[in-house]
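Residue-level structure breakdown
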Amino acid sequence: MFKSSFSWLAAGLTAAALFAACDDDDTVDLVDTSVKTDAGDASTTDASTTDASADASDSSTTDASADASDSSTTDAESDSATDEDAALTECPKDHGCAQKCELSEEGQPVCSCDQEGFILSEDKKSCECDEANGYIEAADNDNNTICRSPCKEAQCADKCELDQQNHAVCSCTEENTVLNPDGKSCDKPCETAGCAQKCSLNESGAPVCSCDQENYILAPDQKTCITYLAKGDACTVNENTEGGESGAKDGNEEVVASECPDNYSCVQDFCQFDLAKPDKTYIVTYAQVSEPAAAAEMLNMVLGMAIDQEWIHLVVEPGGYTQDGHYRWNIGNGKNNAGTYSFSHKLPIQNFDGYWYGSPDDSSEPHWFQDGTLTWKILIPQNSGKPNECHINFTVNVNLEFFITQRVVEGGTQTILQGNAIGYLRQEDAQKVKIVFQGNDWALMDLLEGAPLTVDTDDNGIPDAYKLELTFEAEYKEFLDTNTARDSNVTFTECGTTTESGK
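In this report, we go over the structure that sits alongside the text. (Residues numbered from 1 in each chain as written. Predicted model: local features only at pLDDT ≥ 70, side-chain atom pairs only at ≥ 80, totals over all residues. Heavy atoms only, no water.)

1. Focus on the overall build of the chain
Counted only if it meets this: Comment: elements are numbered from the N terminus, with helices defined as DSSP H or I runs of at least four residues and strands as E runs of at least two. Summary of the burial criterion: residues with accessible area below 20% of their type's maximum are buried, those above 50% are exposed, and those between are partly exposed, where the area comes from a 1.4 Å probe applied to protein chains only. Contacts are residue-level and defined by heavy atoms, with any inter-residue pair within 4.5 Å sufficient. The Shrake-Rupley method, run with a 1.4 Å probe, gives the accessible areas here. Residue values count only the displayed protein chains as cover.
For the chain, the helix and strand inventory stands at 6 helices and 28 strands. Within the chain, the proportion of its 503 residues that are buried is 33%. Contacts in the chain between residues at least 24 apart in sequence constitute 49% of all its contacts with a sequence separation of at least 6. Surface accessibility of the chain: about 30800 Å² in total, with carbon and sulfur atoms responsible for 46%.

Encoded structure:
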C-alpha cells in the first residue's frame, strides 16, 4: 500500500513540474524524472506522448489556417485588381450603344456602327441607314434590319442615283458619253465618229462634228473640215470686158483674164478658181444611189435607164461668182440639139450657191461645197415628148459637193465633174412618189419597206426622214442657150401621186 501511495504522489509532483515549466516564458527542456513502476510507467509515458501530439497538431492546424487565410486574401485582392482593369478597358453593360462601344482616352463610352451601310444616329447611340450614300433600310432572310445599297448592286460603270422609288439609275458624267443599252456601261460615240476637228453629242446622244479652227467649215460629209480656197495672184481684166467686174459671164461675152492659169478667172482683181465658160457645160452621164439602201436598186435602175436612153439630160452649169462672193451652179433638165445642149426652160432651173475650198496643205484639187442644205427637185420625165408628158418629182434635201478630176481616155485625158449629194428624203415626200417603169407602177414607199427612218429633220426627237446619198458624174459638153434666164419657180406637170402601196 505504501508503494502504491508513493507512485501517486510521484505522478502528481511530475504534473505540477510540467505545468510550472509551461507557464514560464523561458524554454524548458523536459527531463524524465518519473519513477518507473510496473503499472505507472506506461500510463505516464502515454500521457506525455499524447500531450506532445496535441501540441504538434495544434501548431500544424494554426499554421495551415494562417496559410489559407493569407491565400484567400491574396486571391481576393487579385480578383479585385482584374475587375478594376476590366472596368478601365470595357464599356459598362448599360452603355446603350446599338452596335459597337469603345472607351475614349478619358474612359468615356463612345458608340459607333460596325455593320455595312449603317451610320450613327443623332442620339449618338442608335444606328440608321446611310441614305446620303445610297443605303436604304431592308430586311435579311431572318427579318433582321439591314442596310442595302441598290447602286452597289446595280454596278454602274460611272454614276448612280436613286429615283423616287429607290431604284438605282445609272448615268454617265464624262463629257460626250452616253449610257449603253445595258443601262450600266458608258460609250463614247465621238471616238468612232471620225470628226476631223471637234465632236459633241446632240440631245439624242448622236455624235455631231464641227470645226473649231478659224476659217474652217464642215464639209457635206459632216466630218471633214475645209477652208476657203485662197485667192491667187493679182490680175487685170481685158478692156473688152468692161462692166464685168465679177468676172462672171455676161450674156454671150467671154471674160478674158490676164495672167491667170487654167480653170481660173480674174475676179475682183485676183485670179480665182472658175469653171464658167461661155460655150461649155456639164451633162450628167452616170448616177448611183447608195442610201436609202432599201430603195437603191430600183432607183439606180430607173436613173440609169433615164440617163442611158436619154429620157433625161441633167445639166450642171457653173454659173460663176455672184456679187456677194458666192460661186453659183445652175442645175436643171436640158435638151440635146444634135450634140449641143441647152436648158429646158419649161422646167425649173435651180440655183445652188457655195464656195470653193481647198485642203489645208493644197494636196488636192479645189472642191465646191454648197452653203447650207437646200431642196433639190430631180425631175424624171414620163411619156417624154408626148402630149400627156409628166414628170416624177423626186424631192430631196441635200448639200452638194463638186470637184474636177481627169480621166485617161483614148487619145488623152477627159475632164470629169464629180458630184456628191448628201442629205435626206422626208417620209412625207417619199409617200407622194410613184415610179412608172417598163409599164409598171411602183410606189416609192414599197421600195422603202424595211428601211429605217434615221434623220430627225425637225429636232423633236422622232426620226422622220431617210438618209440619202447620191453620187454622179458629168462630162464636159458643148453648150448653147440663148435664153439667159435661170428660173427655179417654173410650174410643171407632175405625174399623179399616190399614198396607197403599189397603186
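2. Quick look at the nonpolar core
Just so we agree on the cut-off: Note on terminology: a nonpolar core comprises buried Ala, Val, Leu, Ile, Met, Phe, Trp, Tyr and Cys residues joined through side-chain atoms within 4.5 Å.
Of all hydrophobic cores here, the largest spans 53 residues; its most connected members are Trp 329, Trp 376, Leu 400, Phe 402 and Leu 444. Counting 6 residues, the second-largest nonpolar core is a separate cluster that includes Val 315, Tyr 341, Phe 343 and Phe 479.

3. With respect to empty space enclosed by the protein
As a reminder of what qualifies: The pocket and cavity definitions rest on a 1 Å grid over protein atoms only: a 1.4 Å probe that fits but cannot leave marks a cavity, an open set with protein on both sides within 12 Å along at least five of seven lines marks a pocket, and residues lining either have an atom within 4 Å of a point. Grid points are joined across faces, edges and corners, and a volume is the space filled by probe spheres set on the points. Think of it as three bins: nonpolar holds Ala, Val, Leu, Ile, Met, Phe, Trp, Tyr, Cys and Pro, charged holds Asp, Glu, Lys and Arg, and polar takes everything else, Gly as well.
Counted under the stated rule, the structure contains 6 cavities of 30 Å³ or more. In this structure, the largest cavity occupies an estimated 110 Å³ of space. Lining the largest cavity are Val 284, Ala 287, Leu 303, Ile 307, Ile 312, Leu 314, Trp 376, Ile 378, Leu 470 and Phe 472. Put simply, the parts of the chain that give the lining of the largest cavity at least two residues each are strand S17 (280-291), helix H4 (293-308), strand S23 (374-382) and strand S28 (465-478). The class makeup of the residues in the lining of the largest cavity is 10 nonpolar, no polar and no charged. Taken together, Val 289, Leu 299, Val 302, Leu 303, Ile 378, Ile 380, Ile 392, Phe 394, Ile 435, Leu 468 and Leu 470 make up the full set of residues lining the second largest cavity.

4. Observations regarding the environment of Gln 382
Looking at where Gln 382 falls in the secondary structure, it is placed in strand S23. Each C-alpha atom of the pair Gln 382 and Trp 311 lies 8.2 Å from the other, and the pair is 71 residues apart in sequence. The contacts of Gln 382, once residues within four sequence positions are left out, are Glu 389, Cys 390, Ile 392, Val 436 and Cys 495.

5. Thoughts on the pattern of salt bridges
Spelled out, the test is: Only one rule defines a salt bridge in this text: a Lys or Arg side-chain nitrogen within 4 Å of an Asp or Glu carboxyl oxygen.
Following the criterion strictly, the structure yields 12 salt bridges and no others. In this structure, Asp 353 engages Arg 328 in a salt bridge whose closest nitrogen and oxygen atoms are separated by 2.7 Å. A residue pair is termed long-range when its members are at least 10 positions apart, and Asp 353 in strand S21 (residues 349-358) and Arg 328 in strand S19 (residues 327-337) qualify at 25 residues. The residue Lys 477 makes a salt bridge to Glu 475 at a minimum N-O spacing of 3.5 Å. Salt bridges linked by common partners bring Glu 174, Lys 188 and Glu 191 together as one network.

6. Notes on the state of the cysteines
Here a disulfide denotes a covalent bond joining the sulfur atom of one cysteine to the sulfur atom of another. To keep things clear, this is the line we draw: Two cysteine sulfurs form what is called a disulfide whenever their separation falls within 2.5 Å.
Summed over all chains, the structure comprises 13 disulfides. The residue that forms a disulfide with Cys 172 is Cys 186, at a sulfur-sulfur distance of 2.0 Å. Negative torsions about the S-S bond denote left-handed disulfides, and the value of about -100° found for Cys 172 with Cys 186 makes this one left-handed. You can see Cys 172 sitting in the loop between strand S8 (168-171) and strand S9 (178-179) and its partner Cys 186 sitting in strand S10 (residues 186-187), a full 14 residues away along the chain. Take Cys 186: its relative accessible area is 27%, and that puts it in the partly exposed class. Disulfide pairing places Cys 235 opposite Cys 266 at an S-S distance of 2.0 Å. Taking the torsion about the S-S bond as the criterion, the Cys 235 to Cys 266 disulfide, at about 100°, is right-handed. Here Cys 235 is found in the loop between strand S14 (225-228) and strand S15 (264-267), whereas its partner Cys 266 is found in strand S15, with 31 residues between them in sequence. The exposure class of Cys 235 is buried, given its relative accessible area of 7%. With a relative accessible area of 0%, Cys 266 lands in the buried category.

7. Things to note about the packing of aromatic side chains
Rules: By convention, a stacked pair of Phe, Tyr or Trp rings (six-membered ring in the case of Trp) has centres within 6.5 Å and planes under 30 degrees apart, an edge-to-face pair has planes over 60 apart, and any other such pair is tilted.
If you walk through the whole model with that rule in mind, you get 19 aromatic pairs. Measuring from ring centre to ring centre gives 5.4 Å for Tyr 327 and Trp 356, while their planes differ by 65°; the resulting arrangement is edge-to-face. Of the two residues, Tyr 327 is situated in strand S19 and Trp 356 in strand S21; the sequence distance between them amounts to 29 residues. The buried category is assigned to Tyr 327, whose relative accessible area is 0%.

8. Side note on the layout of surface pockets
What the largest pocket holds in volume is close to 1200 Å³. For the largest pocket, the lining is made up of 32 residues, of which Pro 207, Val 208, Gln 222, Thr 454 and Val 455 are closest to its centre. Of all the secondary structure elements, the ones that give two or more residues to the lining of the largest pocket are strand S12 (207-210), strand S24 (390-409), strand S25 (412-426) and S28. Tallied by class, residues from the lining of the largest pocket come to 14 nonpolar, 11 polar and 7 charged.

9. Concerning unusual backbone geometry
Between Glu 291 and the following residue, Pro 292, the backbone shows a cis peptide bond with an omega angle of 5°. Looking at where Pro 292 falls in the secondary structure, it is placed in the loop between S17 and H4. Here Lys 124, not a glycine, exhibits a phi torsion of approximately 65°, which is positive. Of note, Lys 124 is situated in the loop between strand S3 (118-120) and strand S4 (127-129). Overall, Lys 124 belongs to the exposed group, its relative accessible area being 57%. In this structure, Asn 166 takes a positive phi of about 60° despite not being glycine. In this fold, Asn 166 is placed in the loop between strand S7 (159-162) and S8. Note on Asn 166: relative accessible area 38%, which makes it partly exposed.

Geometric descriptors of this kind do not, in isolation, establish any biological role.
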